Structure formats: C-alpha cells, structure tokens
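# Descriptive structure summary
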Amino acid sequence: MYIERVPNRNSPPTVLLREAWREGKRIRKRTLANLTHWPSEKLEALTRLLRNEPLVSAQDAFIVERSLPHGHVEAILGTIKKLGIDELIASRRSRERDLVIGMIAERLIHPCSKLATTRLWHATTLAEELGVADADEEDLYEAMDWLLDRQDRIEKRLAARHLSEGSLVLYDVTSSYYEGRCCPLARYGHDRDGKSGRRIIVYGLMTDGEGRPVAVEAYSGDTGDPSTVMDQAEKVRERFGIRRLVLVGDRGMLTQTQIEKLRAYPGLGWISALRVEGIRKLVKGGFLQMSLFDQKDLAEIYCPEYPMERLVVCFNPLLAEERRRKRRELLEATEKELRRIGREVRRRTRTPLKRDEIGKKVGKVIGRYKVGKHFTITIGEGRFSYERNEDKIRQEEALDGIYVIRTSEPRDRLSAEDTVRSYKDLAQVERAFRSMKGIDLLVRPIWHHTENHVRAHLFLCMLAYYIEWHMRKALAPLLFDDEELDGNRPRRDPVKPAKPSVSARKKKAHKRTGEGLVVHSFDTLLEELGTRCRNQCRVRSEVQGSAFYQTTEMTPLQKRAFELLGLLPCK
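This section reports on the structure supplied with the text. Each chain carries its own residue numbering, running from 1 in the direction its sequence is written. The model is predicted, so local features are restricted to residues of pLDDT at least 70 and side-chain atom pairs to those at 80 or more, both for listing and for counting; the totals for chains, interfaces and linings are taken over all residues. Note that the side-chain values use all heavy atoms of the structure and ignore hydrogens as well as water.

### Points about the overall build of the protein
Along the backbone of the protein there are 21 helices and 16 strands. As a reference, a globule follows 2.2 Å times the number of residues to the power 0.38, and the radius of gyration itself is taken over C-alpha atoms. Against the compact-globule benchmark of 25 Å for 571 residues, the protein has a radius of gyration of 33 Å, which places it well outside the compact range. Counting only C-alpha atoms and orienting by the principal axes, one finds that the protein spans roughly 125 × 70 × 50 Å. For the protein, contacts bridging at least 24 residues in sequence account for 65% of all contacts bridging at least 6. Of the roughly 30300 Å² of accessible surface on the protein, 50% is carried by carbon and sulfur atoms. Counting rule applied: Lys, Arg positive; Asp, Glu negative; His and chain ends not counted. Here the site of a charge means atom NZ of a Lys, CZ of an Arg, CG of an Asp or CD of a Glu. On the protein, the mean spot of the 104 positive side-chain charges and the mean spot of the 85 negative ones are 4 Å from each other. In this description a helix means any DSSP run of H or I spanning at least four residues, a strand means any run of E spanning at least two, and both kinds are numbered starting from the N terminus. Here a residue-residue contact requires only that any non-hydrogen atoms of the pair lie within 4.5 Å. Surface accessibility in these figures is a Shrake-Rupley result with a 1.4 Å probe; residues are shielded only by whichever protein chains are displayed.

Structure follows, in structure tokens:
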C-alpha cells in the first residue's frame, strides 16, 4: 500500500490510499480510500507507517528540561549591539563589559538590587547569553567601579553622536530619596518624592533636543538646582568641546543670577521662562497687554529691564480656564475648613481656644491647599475671622494662561515659535525622569553605601534609559505612543496643547494597530516578547549530554516588533 497524490488543475491535489500487486508480467492497482480530507499531520503519520518507520509521540521522543524567557533578552541585547553601546562602553569584550551590559539589560527587564540581579538574570537567558552565570554581587560592584572610571569617556562619545555646534541641550534636575546613612551625597534637601524626613540625592540629566540622554551628574542632597547650571555649562564646553550651544532650562533653574553668569561665556545661548513676579512687572509697566493676543496667541515684546533678550509672550485660553477652575476649587476647599475652625472657636465659650491653638489649626489648612495669600485672616484670643482678598484674586486671574519665554538667541537663529517649542521640549527630560524613577527603571530608592556606587548606579540607569528611548521610538507603532508626533513638530502650534494624530486616536479607541495587532505599553510589550522561550530538550533514549535547544516560533506581534527594531528583515 502507498499514498498517491493526484494533481488537479484548479483545486488541491487528490490524496488516495492505493494498493498495487503483480499478476504475471502486469502490475495491478486499486484505490482503497480517498484521504484528501485528512489533515497533513495524519497523512504524514500514515506515510511513515507504510514505510515501516517507527512512530513515537513527541512526549516519548524527548523531554523539555527547562524553558527560559528569551525574546525580551534577544530584543534588548540586539538593540544594544545595533546601537553600538557595547563598543561605546569598551572597544574590546571583557568580563566587566559583559557584567555592565547585563546590569543595563536587567534594569529594563526587571529593575532590582544588584544582589537580586544575580538571581533574576538566571530566570531568563540573559546570564547564558553574556556568560556571566557565575557572577555574584561583589563582581557587579567591581564592574560598577570599572564603569564609573569610563563615564567621562562614554559621555564624551555620546555627546559626539548627538550634540554639535549650535545644537539645543536640554537640562533639568531632580532628586531621589536615599535609604541609609552612609553615603556622603545623601543630605536633607528639597524632596520631590513625597518622602519627608528622608535624605535625598540630587542629580541632573542632560539630553539632546529630542530627549536622548547624553550625561548625568550626581550632587549632594542639599544642592540647589540653580547651582548646578554652571557645572553643566563647563562640562559641555570643556569636556565635550562644544563652544556654541543653546542651553534650555526651566525658570526655577535658569534664574537671573545664573543667566548673568552664562553671559560671560561667548557662544553659550539659553532659553528659559519668567517667573510670575517678572510677568507682573511687565503688566504693571504696560509692556504686556491682552490686546497683544487679538490676532495670535503669541507675540514678542521688548522690555528695558531685560536687555539683550527676546521675550515671547504666550496666552493659552485652555490653560487659563484650567487655572481658574483649580483656584476656585482650592478656595472653596479652604473656606470649608476655615468655616469648620470658625464654628469650633465660637463653640468654645467656657474654655476659649488660645491664639496659638487657632493659629496651628489655620496653618494646617493653609499649608494643605496653598492659597493662603488670597485670604485676610484675623486671629485673637478666642477670636477668629477670615475673608477673601478679592483684589489679589483678580490680579492673579489677570495672568491666568499667560507665560513668557525668554531667550538670548537672535531671531535669525530661532523664531518665536521655535523658541516656545524648544522650551516645551523640556517635557522630554521630565519623561526621562518619570521613566527612571517610575516603574520602568526604578532608580529609587537608592541603597548604595559609597558615593562611587551611587554615581555608577545613576549612570547605569541613564544608559538603560538610552536603550529604552531608542526602543520606544522604534516600537512606537505597537505602543500607545504617537509615532507621528515628532514628524509634526515643525507644524505643531507652539502654544496650544499637542493634539494626538488620527492613528494615535484609533489605537487608543480600538486597542489595535492598523495591522490588527494588540497595542501595548512598553512594559507589557517586553513581557510579551519574553514569552518567546528557549527550551532545553533531551532525547529520552540517549545518554546524558545529548541536550539540544529549541526556541519557540515568533508570534505575529513578536515578529513585527523585531522587524521594527531592525533585528529582522522587514517583510
């Protein structure tokens, strides 16, 4: 018996089970069954049976001894190789370089302590891929010291890649709380994490105009944001060798004092914004009037108090309405609590509340809602009264939605619209901080005891974010990110909030891409890639040592992700 496939012109071939025998000199044949409707697996099994081949089930033929998540490791290490980060860290492969790359990759897969890193990278193929399975936490600390010695050189190479003469440099400062008492950088200061009573470490991040990280610097926790500016200016000019640049910083960092210092450096421009007090002076002096916004929501003005500067005044009616709404709600919440205090004071007739007691209660309310400047409060022994200061409220309402961008750059180099866009690009640095401090990289809390290890930890997190930045850009069609936002930047209204593109709105509404694939966040997409496993298999009938590896096939989503990362040829 045998299986014969009879071709058909306009349909699949007919599969027949046939029998043949010899009668004298003639060969006779007959059809026993039509197997066209059988599945291919069943036909293959029957074919092997007719050939007298042994049939063994997959479970009896071999066993799967271990399955390790591999896809996200493959994607991250492939991106590191594609970007040349391994060569950037050290030109030759070494154990220290492999350990550093392993810590960077693990930071993206599962951010954790260095001790936990040596445990968790065995739960994926990361340790096998880099050959660091025998490393312990002491090896990682030595690799961090090795990396810190190369930080200046690596940052210089990153600056050579992404910064050039006349380019924009975005810079901002944040802090993270510290667990412990040993590190000399950990001091009490302006806490941004809501962890009052804990020491903090301040660090500044420098990026290019698109938000790509270039350098990071750690400072003691009691360092003020403005005092870091000149240090960064010196770094760009002296270490990176860039003489002509435009530094973009927020109004709290590029203060008037720091701007005066920056003017001492020829070729060093800047973009910042005026504080509320400065805007009030412009209004009072008649330099800023609402009639400026009759035709456009943006205008340039000149004020003699700001020589050698361009002032770009912007008015956003949506922002104005939002500030009025928020102020109204805060005033109402404050009044509600003050009324409660007033009733308590009036009720206490036998043992009236003392002035200090009333003051403490009122202080808690004012400290919670931060609108005490809009109230006139009178406190005495057993007496308490308050009323709104309507004049101050009206004065502040007049400035709602108005902000002023200031720059040293002349109009032929930077238009008014691009000046505003460049200042708003600081949101790219804030996004980096959210990623580093939030669920992606978990730079905080900082546990390291020595100053060098803290600095190396921050630098590792910056390098991890560098990889994440490029992966997010490449994978944007599969993420909830708006991949058309960067392309629309020159045409985007500089004042009004950026509107999502049509494709982004569709992704958000349907949770599917145009190709029908599920839309993910960056974290869940990495988890999805991790379901592509490397399986360690062994043939049952053979002796020990006959193991082989089989990687699961890519799903359509995984294949598309690898194509976007440039790790597979696009279809």
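So that's the structure; there's more coming.
### Here's the deal with the packing of aromatic side chains
Any Phe, Tyr or Trp ring, taking Trp's six-membered ring, that has another such ring centre within 6.5 Å forms a pair; planes under 30 degrees apart are called stacked, those over 60 apart edge-to-face, and the others tilted. This structure, assessed with the given rule, holds 4 aromatic pairs. Through successive ring pairs, a cluster of aromatic residues spans Phe375, Phe384 and Tyr386. We note lysine 42 situated over the ring of tryptophan 38; from NZ or CZ to the ring centre the distance is 4.4 Å. By the criterion adopted, a ring carries a charge over it if an Arg CZ or a Lys NZ lies within 6 Å of its centre and within 35 degrees of its normal.

### Considering the environment of valine 6
Within the fold, valine 6 resides in strand 1 (residues 2-6). Taking relative accessible area as the criterion, valine 6 reaches 29% and is therefore assigned partly exposed. Expressed as a C-alpha distance, the spacing of valine 6 and leucine 16, which sit 10 residues apart in the sequence, is 7.7 Å. Excluding residues within four positions of it along the chain, valine 6 makes contact with Pro13, Thr14 and Leu16. The buried label applies to any residue whose accessible area, calculated with a 1.4 Å probe on protein chains only, is under 20% of its type's maximum; exposed applies above 50%, and partly exposed to all values in between.

### Some thoughts on the state of the cysteines
In plain terms, two cysteine sulfur atoms within 2.5 Å form what is called a disulfide here. Within the structure shown, the criterion is met by 0 disulfides. In this model cysteine 303 remains outside any disulfide bridge; the closest cysteine sulfur is found in cysteine 314, 16 Å from its own. You can see cysteine 461 has no disulfide; the closest cysteine sulfur is in cysteine 112, sitting 11 Å from it.

### Some thoughts on the sheet that holds strand 3 (residues 26-34)
Pairing between strands is defined by DSSP: at least two bridges between the two strands are required. Read across the open sheet, the 3 strands follow the order 1-2-3; overall the sheet is antiparallel. Each having just a single partner strand, strand 1 and strand 3 make up the two edges of the open sheet. Between one strand and the next, the sheet's axes are offset by a mean angle of 45°, whatever the strand orientation. The sheet contact formed by strand 1 and strand 2 (residues 14-23) spans 5 bridges and is antiparallel. Along strand 2, the bridge assignment pairs valine 6 with threonine 14. Axis definition: a line fitted to C-alpha atoms, limited for helices to the stretch in contact. Angles are taken between N-to-C directions and run from 0 to 180 degrees.

### So, the environment of serine 167
Within the secondary structure, serine 167 sits in strand 5 (residues 167-177). Measuring from C-alpha to C-alpha, the distance between serine 167 and leucine 245 comes to 5.2 Å, with 78 residues separating the pair along the chain. If we skip the residues at most four places from it in the chain, serine 167 touches Arg244, Leu245 and Val246. What qualifies as a polar contact is a pair of N or O atoms within 3.5 Å, subject to a donor-acceptor requirement within protein and to the restriction that residues adjacent in sequence count only when both atoms come from side chains. Only 2.8 Å separates the side chain of serine 167 from the backbone oxygen of serine 164, close enough to count as a polar contact.

### Some details on the pattern of salt bridges
The salt bridge definition used is simple: a Lys or Arg side-chain nitrogen within 4 Å of an Asp or Glu carboxyl oxygen. Going through the model one piece at a time under the given rule, you end up with 50 salt bridges. Between glutamate 4 and arginine 18 there is a salt bridge, with its nearest N and O atoms 3.1 Å apart. Taken as a pair, glutamate 4 in strand 1 and arginine 18 in strand 2 lie far apart in primary sequence, 14 residues in all. With relative accessibility at 24%, the residue glutamate 4 sits in the partly exposed group. For glutamate 300, the salt bridge identified is with arginine 411, shortest N-O distance 2.8 Å.

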